[in-house]
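Residues per chain are reported as follows:
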Amino acid sequence: GFKAVADQLQATASKFGLAKFDESNVPFDFHIHEAMMHSISSEVSEQTVVKVFQPGYRFKENVLRHARVEVADPEN
């Protein structure tokens, strides 16, 4: 019941330009991400989002809420 309503609300908001972003394994961008945790990893070659704690939202070109993420730096 509630999930169906939430899905319909999300679909309607998307039609008007509201977009959710919650991808991991993408380069860290301080314009859309807020780093909550930091680690060092041999598996990345640049600052990379390795975990999303809370998705971010943008309306057309404006960021309404930054995605809260864990960021990994490459080993030296």
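Residues numbered from 1 in each chain as written. Predicted model: local features only at pLDDT ≥ 70, side-chain atom pairs only at ≥ 80, totals over all residues. Heavy atoms only, no water.

**Remarks on the packing of aromatic side chains**
So, step 1. Scanning all chains against the criterion turns up zero aromatic pairs.
So, step 2. In this structure, R58 packs its charged tip against the face of F21, placed 4.9 Å from the ring centre. (Phe/Tyr/Trp six-rings, centres within 6.5 Å; stacked < 30°, edge-to-face > 60°. Lys NZ or Arg CZ within 6 Å of the ring centre and 35° of its normal.)

**Some points on the sheet that holds strand β6 (residues 62–65)**
So, step 1. If you walk across this open sheet you meet the three strands as β1-β5-β6, and the pairing is antiparallel. At either end of the open sheet lies a strand with only one pairing partner, and these are β1 (18–21) and β6. The average undirected angle you get between the axes of adjacent strands in this sheet is 30°.
So, step 2. Relative to strand β5 (residues 56–59), β1 is paired through four bridges, and the arrangement is antiparallel. Counted as the bridge partner of A19 is R58 from β5. (Pairing = 2+ DSSP bridges. Helix = DSSP H or I, 4+ residues; strand = E, 2+ residues; numbered from the N terminus. Axes fitted to C-alpha atoms, helices over the stretch in contact; angles between N-to-C directions.)

**Re helix α1 (residues 2–15)**
So, step 1. The terminal C-alpha atoms of α1, which comprises 14 residues, lie 20 Å apart, in line with the 20 Å expected from a rise of 1.5 Å per residue.
So, step 2. G17 sits one or two residues past α1 and shows a positive phi near 110°. (Expected span 1.5 Å × (residues − 1).)

**Topic: the pattern of salt bridges**
Opposite charge on two side chains lets them pair, provided their charged atoms get close.
So, step 1. Applying the stated rule across the entire model yields three salt bridges.
So, step 2. A salt bridge links K3 to D7; the shortest N-O distance between them is 3.1 Å. A residue pair is termed a helical-turn pair when its members lie 3 or 4 positions apart in one helix, as K3 and D7 do in helix α1 at four residues.
So, step 3. Using a relative accessible area of 58% as the deciding quantity, one classes K3 as exposed. (Salt bridge = Lys/Arg side-chain N within 4 Å of Asp/Glu carboxyl O. Buried < 20%, exposed > 50% of the residue type's maximum accessible area, 1.4 Å probe, protein only.)

**Details of the pairing of strand β7 (residues 67–74)**
So, step 1. Counting buried positions over the eight residues of β7 gives six, a clear majority of the element.
So, step 2. As judged from the five bridges shared by strand β4 (residues 48–54) and β7, these two strands associate in the antiparallel manner. Across the sheet, K51 pairs through a bridge with E70, a residue of β7.

Bear in mind that shape data such as this cannot, by itself, settle questions of function.
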